[in-house]
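Given next are the chains, with one letter for each unit.
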Amino acid sequence: MPEFRNDFQSRAITERTGTFTDNMKLPIHRWFRYSAGFSATWVEGIIAELQPKTVLDPFAGSGTICIAADKLGVNSYGIEAHPFVYRLAQGKLSWEIHTHEFLEAITEIKNLAASIQPKFPDKMLVLLSKCYTEEVLIHLFKIKQAYLELAPTLSEELQSLTFLAISATLRCLCKR
Ligand SMILES: C[S@@+](CC[C@H](N)C(=O)[O-])C[C@H]1O[C@@H](n2cnc3c(N)ncnc32)[C@H](O)[C@@H]1O
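Source: prediction; values computed, not measured.

Cut-offs used in this document
Residues numbered from 1 in each chain as written. Predicted model: local features only at pLDDT ≥ 70, side-chain atom pairs only at ≥ 80, totals over all residues. Heavy atoms only, no water. Near = heavy atom within 4 Å. Polar contact = N/O pair within 3.5 Å; in protein donor to acceptor, adjacent residues only side chain to side chain. Areas by Shrake-Rupley, 256 points an atom, 1.4 Å probe, with all protein chains shown as cover. Axes fitted to C-alpha atoms, helices over the stretch in contact; angles between N-to-C directions. Helix = DSSP H or I, 4+ residues; strand = E, 2+ residues; numbered from the N terminus. Parallel < 35°, antiparallel > 145°, perpendicular 65-115°, else oblique. Left-handed = near helix turned anticlockwise from the far one by under 90°. Contact = heavy atoms within 4.5 Å. Nonpolar A, V, L, I, M, F, W, Y, C, P; charged D, E, K, R; others polar. Patch = residues over 30% accessible without salt bridge, like charges linked within 9 Å, V, L, I, M, F, W, Y side chains within 5 Å. Salt bridge = Lys/Arg side-chain N within 4 Å of Asp/Glu carboxyl O. Buried < 20%, exposed > 50% of the residue type's maximum accessible area, 1.4 Å probe, protein only. Pairing = 2+ DSSP bridges. Right-handed = clockwise from strand over helix to strand, strands pointing away. UniProt positions renumbered as here; feature names shortened; annotations may be inferred.

### Observations concerning the site of the ligand
If you check the shell around the ligand, you find 16 residues, and the closest are Tyr 34, Phe 38, Phe 59, Thr 64 and Glu 80. Between the ligand and the protein, one listed contact pairs a nitrogen atom with a side-chain N or O atom of Asp 57 at 3.1 Å. Against a free-state accessible area of 600 Å², the protein chains account for coverage of 69% of the ligand.

### Brief notes about the packing of helix H2 (residues 40–50) against helix H3 (residues 64–71)
Interaxial distance between H2 and H3 falls to 9 Å at its minimum, and their mutual angle equals 55°. Considering their axes alone, H2 and H3 lie oblique with respect to each other. As for how H2 packs across H3, the hand of that crossing is right-handed. Here Ala 40, Val 43, Glu 44 and Ile 47 of H2 come into contact with H3, specifically with Thr 64, Ile 65, Ala 68, Ala 69 and Lys 71. Across the contact of H2 with H3, the residue classes tally to 6 nonpolar, 1 polar and 2 charged.

### Observations concerning a nonpolar patch on the surface
On the surface, Trp 31, Leu 93 and Trp 95 cluster together into a nonpolar patch covering about 250 Å² of accessible area. Residue position: Trp 95 is located in the loop between helix H4 (83–92) and helix H5 (99–115).

### Quick look at the pairing of strand S1 (residues 54–57)
The alternating pattern of S1 places Val 55 and Asp 57 on a buried face, while none of Thr 54 and Leu 56, on the opposite face, is buried. Strand direction decides the pairing type here: S1 and strand S2 (residues 75–78), joined by 4 bridges, are parallel. From the neighbouring strand, Val 55 faces S2, where its bridge partner is Ser 76. A crossover connection joins S1 to the parallel S2 through H3; in handedness this β-α-β unit is right-handed.

### Considering the packing of H5 against helix H7 (residues 134–150)
Where H5 contacts H7, the two axes come as close as 8 Å, and the packing angle between them is 125°. By the criterion of interaxial angle, the relationship of H5 to H7 is oblique. When the axes of H5 and H7 are compared, the crossing they make is right-handed. Judged by residue contacts, Glu 108, Ile 109, Leu 112, Ala 113 and Ala 114 of H5 engage Lys 142, Ile 143, Ala 146, Tyr 147, Glu 149 and Leu 150 from H7. Taken together, the residues of the contact of H5 with H7 break down into 8 nonpolar, no polar and 3 charged.

### Quick word on the environment of Arg 87
Along the chain, Arg 87 turns up in helix H4. With 72 residues separating them in the primary sequence, Arg 87 and Gln 159 have C-alpha atoms 9.4 Å apart. Residue contacts for Arg 87: discarding those within four places in its chain leaves Tyr 147, Gln 159, Ser 160 and Phe 163.

### Considerations on the UniProt feature "domain: DNA methylase N-4/N-6" (unreviewed entry) in the chain
If you check UniProt for "domain: DNA methylase N-4/N-6" (unreviewed entry), the listed places come out as residues 53–90 in our numbering. Secondary structure content for residues 53–90 is 42% helix and 21% strand, while the C-alpha to C-alpha distance between its ends is 21 Å.

### Quick word on unusual backbone geometry
You will see that Ile 28, though not glycine, has its phi angle at about 65°, which is positive. Here Ile 28 lies in the loop between helix H1 (2–14) and H2. Of note in this structure, Gln 51 is not a glycine but carries a positive phi near 45°. For Gln 51, the location among the structural elements is in the loop between H2 and S1.

Dropping the structure here:
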């Protein structure tokens, strides 16, 4: 056992563990780039080799380890301190939701957003106006309002998945 542990430890250090780049080609993982995330392929290899009954990731980030565990049918727990990152992980871990359910929910949010008047905060954060044009900000506040209005009517998984989908599109809308 000590020999195995030494081998395992040295591989854990020398192999390509800490890059999320490869995950951008993988289903679910690629839904949101999280630079601090581990390589899912590496994680899957370790879980497959050790065959644990349960996995605990005390620093779960965007959920790479729990998703890998799901894929291999292993029970897992994750703890993540950052509320936004935690919600991204929850969204990815809601991957079992049927596409039609997701599409129905996101279309409802989109339609409501298109029909409401945006409520702007009294004081706009400087960072927001630096990141987005005024036109884009109007759309974003409408989407936020529509999401907040409809979220309580959705299951927890759909709330997380639609939150993730909306968050992932923000990068594409950013000023270049
Ligand atoms: C290197 S990342 C983890 C990446 C993750 N294993 C993955 O592959 O996606 C470390 C994470 O730990 C979280 N973190 C830092 N301190 C924490 C704490 N005290 N409790 C829980 N999470 C914490 C950070 O917010 C960050 O998302």
